[in-house]
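# A closer look at the structure
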Amino acid sequence: MIELRGVWFSYNGRTESVLRDVSLSFHPGTVTALVGPNGSGKTTLLNLLLGWIAPKEGEIRIGGRPISLLSGRERSRLVGHVAPDEPAIFELEVRDYVHLGRAPYVGLLGRADEEDARAVEDALAVVDLTSKAGKPVRTLSTGERQLASIARALAQDPGLLLLDEPTSHLDLANTRRVLRILRFLRDRGKTVVLTTHDPNTASVTADRIVLLHEGRVAAAGTPAEVITGARLSGVYGVEIDVRMIDGSPHVLAKL
Amino acid sequence: MDSAADRRVRIRRIWLLAGLSAAALAVSVLLGRYPGPVLTPPSVIGTDTLARDLVFHIRIPRVAAAFVLGAALSAAGAVFQTVFRNPLVDAGFLGVSQGAAFGASAAIVFASGNAWAVQGGAALFAFLGLALSYALATRIRVGDEILHLVLAGIVVGAFYAAGTGILKYIADPQKQLPDITYWMLGGLWGITGRDVLQMLPVAAAGLAYMLAVRWRLNLLAMRDETAFSLGAAPGRERLFVLIAAVAVTAAGVAKAGQIAWVGLIVPHICRRLVGSETRVLLPASVLLGGIFVLVCDDVARVALSGEIPLGILTSLLGTLLFLVLLLQRKIRGVG
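Turning our eyes to something else, we now look at helix α4 (residues 114-126) of chain A. Residues and elements named next belong to chain A. Compared with an ideal rise of 1.5 Å per residue, which puts 13 residues at 18 Å, α4 spans 18 Å between its outermost C-alpha atoms and is within 8% of the ideal. Among the residues of α4, those classed as buried are Asp 116, Ala 119, Val 120, Ala 123 and Leu 124. In a view along the axis of α4, the buried residues occupy a sector of 130°, so they form one face of it. Sitting at the amino-terminal end of α4 is Asp 113, which places a side-chain oxygen 3.0 Å from the backbone nitrogen of Glu 115. In the stretch just after α4, Asp 128 is the one whose phi turns positive, near 60°.

Written as C-alpha cells, this is what we have:
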C-alpha cells in the first residue's frame, strides 16, 4: 500500500504551494485516476509517488517504509513510471528498449539471464508488440510507442505503476488498448495510478477517482461519487452535464 | 532476421573492427617516408639502425597516439550524442573544445607557447568549460536539465570563442598568431613516447569508465523521470560520464590540437554498423574512431613530403562522410 500523509509541495524558489495538505492511500488491485484541470497538481502528485521530487511537508510511505529511505534499486523494483511522450532515441530496437526495464535487476552491463528475457517477452506479449520486437522504436506509431513504454515499465515488474497522461496523444482504438491493459494489470494485483485531464477516461477505467483542484483533493471516491455535474462545474468553471452510460458517469461540457 | 541472429551479426562486426584495428596499427608502423616513401619493409627494420630508431621512437608513439586520440574523441562523441539525446553534438557542445582552444591560445600568448603550458591550459579550460556550463545550467529556469546544459554550453562556448578572438587580436602576428592557428589546425607531429605515456592514463581511465557504464547510457538517453524510475540517478550519472568524456577529449586535444568531426561522424557510422544500443555502440566507436584517425594521420604524414595538418584531413573526410549519410537520410535523431 502507498500512503501520503499531510503532503505539501512547492517548487524551489516559489512560495505558492502546488499541492496542499494531500492525504491519500492507494491499494493493490485498484486503478486510481488523478483528475483535474491543467495546473491542479496531477503530475506533481505522480512525481511525488515516484520519489522524483520530495514533499516540503508530510511523508510518503510504500509498504510502510518512507520512499525517501529506499535505495534507487529498491525503489525501482517497487515503482514503475510511464511518461506521456518518451523520446525515441536514435534507433533502439523495441526489445532492447523494453529490456531497459530490467535495469533494477541486471548488472552494470545489462546482461539478461533467463528470468530477465522471460520478463521482457511477457511484457511484449501483454501489450501485443511481440511481432515488432526487432523494429526500431522510432519506426513505431505514436500508439505503439506508448505501448512499448508501458511494456518497459511492465518488464520492471513493479507493484505500483504510475502513468502520466497515458492516452493524451492516442486515437480511440489505441486509447482502448491502453485502458484495457491497465485493467488487466489491476486484475493481476498491481496498483495502477494514472493522471488524465479527461474525466471520461477516468470514469470508464478507474475504480477510484481523485479530483484535484488548486493543489487540494476536492473529492475522492468511486466515479459515480466524484463525477457529478455540480462538483465538476465548480472545479472547471464551466457548465457540465453528466450522464450515466453503462453504469459509468460521462461528462459533456456545455458550449 | 530475429533479434538473437541480429545481435550475433553486431558482435561479429565488433570483432571485425577489432581485427581491422590490429591490422591498421601494424601497417601504420610500417608506413613512412624513410628509407623510401610509403612502406618500410620489415626486413629493413632489422638491418637499418635509423629505420629501427624511426619505428620505435617516432612511428610507434605516433601510431599509438593517433589510435588513442581517435578512440577517445569518438567514444566521447557517442557519449555526448546519447546523453544529450541529440545526434549533432560532440565535444564542442559544452564549451569543451572552445575552452581547450582558449586555454592553448592563452598559453601561446602569455607563456611563450611552452608545451606544458599549452597542454595544461587546453586541459584546464576544457574542464572549466564543463564546470561553467554545469554551474550556469543550474541557474537556468527554462525547460528540463538537458536544455539547461545545451543553453549553458552555447553561452560558455561563445564566451570562450570571444576570448580566443581577443587573444588572436593581441597576439604577435609574426610569432604567436601562426602558433595559435597551427594548434587549431591540429596534428600529431613531434609526438614522443613520453607524450603518449602522459596521455594514456587519463585516456585509458576515461575510456574504461565509459565502457564500463555503456549500457546505462541508454537509461540516460531517456527522460530524467523515466531514468530515475529505473533506479538511475540521472543527474549524477550524467555528470560522471561527461567528466570522463571531457577528460579523454582534453587528454587528446592537449597533445594534438583541434581535431574536428571525429566525435560527430564516427558514432553515426557505427550506428549503421551495429545499431544504437550503447552496449555495442561504444566499443564499435572506440575501435572505428581509432582506425579513422590512424588512417587520416597515415595520410597526413605519408601523402606529401611535407605534413598535412591532421585536423584538416579529419574535417575533410568527416564532412564528406556526413554529407553522404545526410543525403542517404542516415542521420537520425530523436523521434
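In a packed pair of helices, the relevant descriptors are the angle between the two axes and the axis-to-axis distance. All names here are of chain A. For the pair helix α5 (residues 142-155) and helix α6 (residues 172-187), the least separation of the axes is 10 Å and the interaxial angle reads 15°. Taken as axis vectors, α5 and α6 run roughly parallel relative to one another. By crossing handedness, the relation of α5 to α6 is classed as right-handed. Contacts from Gly 143, Gln 146, Leu 147, Ile 150 and Leu 154 of α5 reach α6 at Asn 174, Arg 177, Val 178, Ile 181 and Leu 185. Taken together, the residues that form the contact of α5 with α6 break down as six nonpolar, three polar and one charged.

A cluster of nonpolar side chains, contributed by Phe 110, Ile 166, Tyr 169 and Ile 170 of chain B, occupies part of the molecular surface with about 540 Å² of accessible area. Assessed through its relative accessible area of 61%, Phe 110 of chain B is described here as exposed.

With that settled, the discussion passes to the interface of chain A and chain B. Contact residues are listed per partner, giving 39 residues for chain A and 37 residues for chain B. Here chain A meets chain B over a buried area of about 3200 Å², counting both sides, of which 60% is carbon and sulfur. The greatest single-element share of the side of chain A that touches chain B, amounting to four residues, is contributed by helix α3 (residues 94-99) of chain A. The residue makeup of the side of chain A that touches chain B, split by class, is 17 nonpolar, eleven polar and eleven charged.

Using a probe with the size of a water molecule, rolled over the atoms, empty space left in the structure can be pinpointed. Considered as a void within the structure, the largest pocket measures approximately 1100 Å³ in volume. Lining the largest pocket we find 28 residues, and of these Tyr 11 and Trp 52 of chain A together with Gly 143, Asp 144 and His 148 of chain B sit closest to its centre. Elements supplying a minimum of two residues to the lining of the largest pocket: α1 (42-50) of chain A together with α5 (115-137), α6 (145-170), α10 (224-229) and α11 (234-256) of chain B. Split by residue class, the lining of the largest pocket holds nine nonpolar, ten polar and nine charged. Every residue lining the second largest pocket is counted, 19 residues in all, and those nearest its centre are Val 118, Gln 119, Trp 183, Trp 189 and Lys 255 of chain B. Of all the secondary structure elements, the ones that give two or more residues to the lining of the second largest pocket are α5, α7 (176-185) and α11 of chain B. Classifying every residue of the lining of the second largest pocket gives nine nonpolar, seven polar and three charged.

Below, the discussion takes up the packing of helix α3 (residues 49-83) of chain B against helix α13 (residues 278-302) of chain B. Residue and element names in this part refer to chain B. For the pair α3 and α13, the least separation of the axes is 7 Å and the interaxial angle reads 140°. With respect to α13, the axis of α3 lies oblique. Every pair of crossing elements has a handedness; the one defined by α3 and α13 is right-handed. Partitioned by chemical class, the residues of the contact of α3 with α13 number 15 nonpolar, seven polar and four charged.

This brings us to α7 of chain B. Turning to α7 of chain B, its buried residues are Gln 176, Ile 180 and Trp 183 of chain B. Down the axis of α7 of chain B, the buried set is contained in an arc of 65°. They therefore lie on one face.

What follows covers the pattern of salt bridges. When charged atoms on two side chains of opposite charge get close, those side chains can pair. Residues and elements named next belong to chain B. Overall, the coordinates contain 21 salt bridges over all chains when judged by the stated rule. Between Arg 279 and Glu 277 there is a salt bridge; the shortest N-O distance is 3.6 Å. Across the pair, Glu 277 and Arg 279 agree in class, each one buried. The partner of Arg 301 in a salt bridge is Asp 298, with the nearest N and O atoms 3.2 Å apart. Of this pair, Arg 301 and Asp 298 both sit in helix α13, separated by three residues, roughly a single helical turn. On the basis of relative accessibility, which here comes to 8%, the residue Asp 298 falls in the buried class.

The next subject is the packing of aromatic side chains. Taken as a whole and judged by the stated rule, the model has eight aromatic pairs over all chains. The interplanar angle of 35° and the centroid separation of 5.5 Å between the aromatic rings of Phe 102 of chain B and Tyr 160 of chain B together place this pair among those described as tilted. Taken together, the residues span a long stretch of sequence, with Phe 102 of chain B in helix α4 (residues 96-110) and Tyr 160 of chain B in helix α6 at a distance of 58 residues. The pair Phe 102 of chain B / Tyr 160 of chain B is uniform in exposure class, with both members buried. Taken together, Phe 102, Phe 125 and Tyr 160 of chain B form an aromatic cluster joined through their ring pairs. The ring of Phe 228 of chain B carries the charged tip of Arg 75 of chain A above its face, separated from the ring centre by 3.6 Å. Over the ring of Tyr 105 of chain A we find Arg 102 of chain A; its NZ or CZ atom is 4.1 Å from the centre of that ring.

Criteria and cut-off values
- Residues numbered from 1 in each chain as written.
- Chains lettered and ligands numbered in written order.
- Predicted model: local features only at pLDDT ≥ 70, side-chain atom pairs only at ≥ 80, totals over all residues.
- Heavy atoms only, no water.
- Helix = DSSP H or I, 4+ residues; strand = E, 2+ residues; numbered from the N terminus.
- Expected span 1.5 Å × (residues − 1).
- Buried < 20%, exposed > 50% of the residue type's maximum accessible area, 1.4 Å probe, protein only.
- Arc of directions from axis to C-beta.
- Polar contact = N/O pair within 3.5 Å; in protein donor to acceptor, adjacent residues only side chain to side chain.
- Axes fitted to C-alpha atoms, helices over the stretch in contact; angles between N-to-C directions.
- Parallel < 35°, antiparallel > 145°, perpendicular 65-115°, else oblique.
- Left-handed = near helix turned anticlockwise from the far one by under 90°.
- Contact = heavy atoms within 4.5 Å.
- Nonpolar A, V, L, I, M, F, W, Y, C, P; charged D, E, K, R; others polar.
- Patch = residues over 30% accessible without salt bridge, like charges linked within 9 Å, V, L, I, M, F, W, Y side chains within 5 Å.
- Areas by Shrake-Rupley, 256 points an atom, 1.4 Å probe, with all protein chains shown as cover.
- Salt bridge = Lys/Arg side-chain N within 4 Å of Asp/Glu carboxyl O.
- Buried area = accessible area lost by both parts, 1.4 Å probe.
- 1 Å grid on protein atoms, 1.4 Å probe; cavity = no way out; pocket = protein on both sides within 12 Å on 5 of 7 lines; lining within 4 Å.
- Points joined across faces, edges and corners; volume = space filled by probe spheres on them.
- Phe/Tyr/Trp six-rings, centres within 6.5 Å; stacked < 30°, edge-to-face > 60°.
- Lys NZ or Arg CZ within 6 Å of the ring centre and 35° of its normal.

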